[in-house]
Amino acid sequence: MSINWMQEVLKRKDELIRDTQEFLQIPSVLDEESATEEAPLGKGINDALQFLLKRGEKEGLIAKNVNGLAGHLEMGQGEQLIGILCHVDVVPPGDGWTSDPFSADIRDGKIYARGAIDDKGPTMAAFYAMKIIKELGLPLNKRVRMIIGTDEESDWRCVDHYFQHEEMPTMGFAPDADFPIIYAEKGIVDFDLKQEVSHSHVEAEVKLQSLKAGRRYNMVPDWAETVLQADNGLLVDIEQRFLHFLASNHLKGKAVVGEGVTTLQLEGISAHAMEPDQGKNAGLLLANFLTGISLDSQAQLFVHFLDRYFNGDSRGKKLGIAYSDEITGDVTVNVGILSYNAESGGKIGINLRYPVTCDIEETKKILEQLAQQSGFILESFSDSKPHHVDRNHMLVQTLQRVYEEQTGERAELLSIGGGTYARSLEAGVAFGPLFPGRPDVAHQKDEYIIIDDLLKATAIYAQAIYELAK
Ligand SMILES: [Zn+2]
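(A) Molecular detail of the coordination of the zinc ion. Those donors, His87 (NE2), Asp118 (OD), Asp176 (OD) and Asp176 (OD), are the protein atoms that reach the zinc ion, and they lie 1.9 to 2.6 Å from it. Each donor residue of the zinc ion belongs to the same chain, with the gaps between them written as H-x30-D-x57-D. Highlighted residues: His87 in strand E3 (residues 81-87) and Asp176 in the loop between strand E7 (171-174) and strand E8 (177-178), separated in sequence by 89 residues. Note on accessibility: His87 and Asp176 belong to one class, buried.

Structure, rendered in structure tokens:
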């Protein structure tokens, strides 16, 4: 049977756009204050979940609400289960929008709204894909289930809860990232290296009172600040050297000299931790400057440790944990948060991303040893495992073929350093909705989805679901 999927989508175009707009008009931002037992993540998110479940029931899909934290819509029959993992929660809109972020205004062939591309637009595309298969009365040998998450933008309490109580799909995809197909994602670890406070403190001319940089593990810090104590003459000298350091490294910053104390501020360039080399780490640069000053022994140890093991190396070579594989590339190391104060010593917050074949236990051991030798303790080690579906898996091959048929473009397999929603499925890949070359407007002001892309994604999802479940 040959079906013209795009034609089927176009027959339903007006209805699809209207439903998408109505769905986007629900302000489904996490709101703990309006949380109740039925709506544990607040009213907006619950309204969006209810909207979708009701809409599905109207189409004859089996709807289930899983304690207000997740839900699903199911059709078809058979042993195996195909999952489509979506989410209805959105990040707060923020300021500076041209039209109200929950008006779902249409301008120049785009729907503008918070959630348009992440992830309510694509969720509606996947919903219409199921609706089309249902309306065409196509026979299915597997069950198809849209799994509806509600907490993707925060703590993933939705999928945690859902998969504790409900069946894990045989295979599936998440329309919550990029086309063509993301089939491999690195493992992601956050951890701290905490300095052990020494009691045999050797004082020096300059006391490092504090050092601070960054707020998030997964970002390169774009600011850093330190407060130094010394006599005024010495501080003037430090200020001069700092300004020279800034100029010779083409950096911005300033020195504010007070009475017996000076504050040095340095600006870096922010970047996502999946590629720290795209940024300039303000914290490491400032630590590098501080290695040239005769600080008290505890502070010396801290800035020299940072400089020796992290400065200018995002691949873990200096740490002795460098590793690379063909599927996902290099280990990356990002120093995202720095803090130091004279009383409690220093702390380094690190985000480490590792390839799918990397032995993370071994890596952890090396880090622990190094920390111990250097007067640090490794703590708060949290590990989100890498995720990978073999390129010969029926899921990957089918989605590749469908994508190529629908777009006429090659369906290149992508591997990324970031984590997508697909990692909560056992055999799952990220599949759209952002087409190659399109700017990524997720989480930005004036977020939009191009209506033609919404339609194209719907056709791709419809054929994909049918081919996987037939
Ligand atoms: Zn998303």
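Right, picking up where we left off after that structure.
(B) Region of interest: the packing of aromatic side chains. In total, this model carries 21 aromatic pairs according to the counting rule given. Here Phe127 and Tyr128 contribute two aromatic rings whose centre-to-centre distance is 6.0 Å and whose plane-to-plane angle is 75 degrees, an arrangement assigned as edge-to-face. Both residues of the pair, Phe127 and Tyr128, belong to the buried class. Ring centres of Phe305 and Phe376 lie 4.1 Å apart, and the angle between their planes is 25 degrees; this geometry places the pair in the stacked category. One end of the pair, Phe305, is in helix H8 (residues 297-309); the other, Phe376, is in strand E19 (residues 376-384), with 71 residues separating them in the sequence. An identical accessibility class is assigned to Phe305 and Phe376; each is buried.

(C) Representation of the domain arrangement of the protein chain in the model. If you check the domain split of the protein chain, you get domain 1 (5-185 + 387-469) and domain 2 (188-384). Between the C-alpha centres of domain 1 and domain 2 the distance comes to 39 Å. With eleven residues of domain 1 at the interface, the matching set in domain 2 holds seven residues. Here domain 1 meets domain 2 over a buried area of about 640 Å², counting both sides, of which 57% is carbon and sulfur.

(D) Seen up close, the side chain of Arg55. Take Arg55: it is sitting in helix H3 (residues 43-58). A relative accessible area of 8% means that Arg55 is categorised as buried. Within the local environment of Arg55, its side chain forms a polar contact with the side chain of Glu59, the two groups lying 2.8 Å apart. Residue contacts for Arg55: discarding those within four places in its chain leaves Glu15, Asp19, Phe127, Tyr128 and Lys131.

(E) Quick look at the sheet that holds strand E12 (residues 223-229). Taken together, eight strands build an open sheet; the order of strands is E13-E14-E12-E11-E17-E18-E10-E19 and the sheet is antiparallel. Both edges of this open sheet fall to strand E13 (252-257) and E19, since each of them pairs with a single strand only. Taken over all neighbouring pairs, the strand axes of this sheet differ in orientation by 15 degrees on average, direction set aside. In the sheet, strand E10 (residues 187-195) pairs with strand E18 (residues 345-354) via eight bridges, with the strands oriented antiparallel. Bridging across to E18, Gly187 finds its partner in Tyr354. On top of the sheet, H8 reaches E10, strand E11 (207-213), strand E17 (332-341), E18 and E19; it is set at about 165 degrees to E17, its chief contact.

Each value, and the rule that gives it
Residues numbered from 1 in each chain as written. Predicted model: local features only at pLDDT ≥ 70, side-chain atom pairs only at ≥ 80, totals over all residues. Heavy atoms only, no water. Donors = N, O, S within 2.8 Å, 3.2 Å for Na, K, Ca; no water. Helix = DSSP H or I, 4+ residues; strand = E, 2+ residues; numbered from the N terminus. Buried < 20%, exposed > 50% of the residue type's maximum accessible area, 1.4 Å probe, protein only. Phe/Tyr/Trp six-rings, centres within 6.5 Å; stacked < 30°, edge-to-face > 60°. Domains from an automatic or database assignment. Contact = heavy atoms within 4.5 Å. Buried area = accessible area lost by both parts, 1.4 Å probe. Polar contact = N/O pair within 3.5 Å; in protein donor to acceptor, adjacent residues only side chain to side chain. Pairing = 2+ DSSP bridges. Axes fitted to C-alpha atoms, helices over the stretch in contact; angles between N-to-C directions.

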